[in-house]
Amino acid sequence: MGGQRVHRRLLSVTAAKVAIAVGALALAGCSDDSGERTGRERDLTALQCPMVETGQNRGVTQYRPAKNAFDTAELLGMQLTEAREKAARHDCEIVVAREDDKNQPVPIEVDPTRIYVYIARGTVSHIEGVGGGL
């Protein structure tokens, strides 16, 4: 009778795993993400520049992307001069925080128009942040 208990336990564990897998697949299939954007949606995880102040919440200044904001990830892979030109078209400034594995001095005040980047061999390799402390 011990063999039946082991067999039942294995069946129940397997059934639970199958149920979890089917549930996960069902949830993944429920997404309405067709991959196409309508142009009005923004990626809420993107580092956008410039940012504009929207007020205060419990004494902390709040920001949101400006109307002319762009996703700073677009700068990745660009030469520094080209990246600076693109940022300037959006009223933003690039600050090099790290160049060829060497930290650089940077301004410490909050400025929602500054994009802090890492440069490797003259090319933007990493976006550290926007605004300095945002």
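Our subject is the structure listed above.
Just so it is clear, the structure is predicted and the values come from calculations on it, not from any experiment.

Digging into the pairing of strand 5 (residues 114-120)
Among the 7 residues in strand 5, 5 count as buried, and that is most of the element. Judged from the 6 bridges that link them, strand 3 (residues 93-99) and strand 5 form a sheet pairing that is parallel. Paired with Glu 93 across the strands is Arg 114, a residue of strand 5. The pairing of strand 5 with strand 6 (residues 123-130) spans 6 bridges and is classified as antiparallel. If you follow Ile 119 over to strand 6, its bridge partner there is Val 124.

Focus on the environment of Asp 101
With respect to the helices and strands, the residue Asp 101 is situated in the loop between strand 3 and strand 4 (102-103). Judged by relative accessible area, Asp 101 falls into the exposed class, the value being 66%. Sequence-wise, Asp 101 and Ile 119 are 18 residues apart; in three dimensions their C-alpha atoms are separated by 8.3 Å.

Thoughts on the sheet that holds strand 5
One key point about sheets: their strands pair by backbone hydrogen bonds, in either a parallel or an antiparallel sense. Sheet architecture is open: 4 strands sit in the order 4-3-5-6, paired in mixed fashion. At either end of the open sheet lies a strand with only one pairing partner, and these are strand 4 and strand 6. Contacts between helix 2 (residues 80-89) and the sheet are confined to strand 3, strand 5 and strand 6, with strand 3 contributing the most and set at about 145 degrees to the helix.

Brief notes about the side chain of Thr 123
Looking at where Thr 123 falls in the secondary structure, it is placed in strand 6. A relative accessible area of 19% means that Thr 123 is categorised as buried. Polar side-chain contacts of Thr 123 include one of 2.9 Å to the side chain of Gln 79. Look past the residues within four positions of Thr 123 in its chain and what remains in contact with it is Gly 77, Met 78, Gln 79 and Tyr 118.

Considering the environment of Thr 72
Looking at the element boundaries, Thr 72 is found in the loop between strand 2 (60-71) and helix 2. Residue classification places Thr 72 among the buried residues on the basis of a relative accessible area of 1%. Sequence-wise, Thr 72 and Val 130 are 58 residues apart; in three dimensions their C-alpha atoms are separated by 8.6 Å.

A closer look at the state of the cysteines
Taken as a whole, this structure holds 1 disulfide when the rule is applied. A sulfur-sulfur separation of 2.2 Å characterises the disulfide bridge that pairs Cys 49 with Cys 92. For the disulfide bridge between Cys 49 and Cys 92, the dihedral angle about the S-S bond is near -115 degrees, and by the sign convention the bridge is left-handed. In this pair, Cys 49 is assigned in strand 1 (residues 48-57) and Cys 92 in the loop between helix 2 and strand 3, connecting sequence segments 43 residues apart. With a relative accessible area of 0%, Cys 49 lands in the buried category. Cys 92 gets classed as buried once you look at its relative accessible area, which sits at 7%.

Calculation criteria
Residues numbered from 1 in each chain as written. Predicted model: local features only at pLDDT ≥ 70, side-chain atom pairs only at ≥ 80, totals over all residues. Heavy atoms only, no water. Buried < 20%, exposed > 50% of the residue type's maximum accessible area, 1.4 Å probe, protein only. Helix = DSSP H or I, 4+ residues; strand = E, 2+ residues; numbered from the N terminus. Pairing = 2+ DSSP bridges. Contact = heavy atoms within 4.5 Å. Axes fitted to C-alpha atoms, helices over the stretch in contact; angles between N-to-C directions. Polar contact = N/O pair within 3.5 Å; in protein donor to acceptor, adjacent residues only side chain to side chain. Disulfide = S-S within 2.5 Å.

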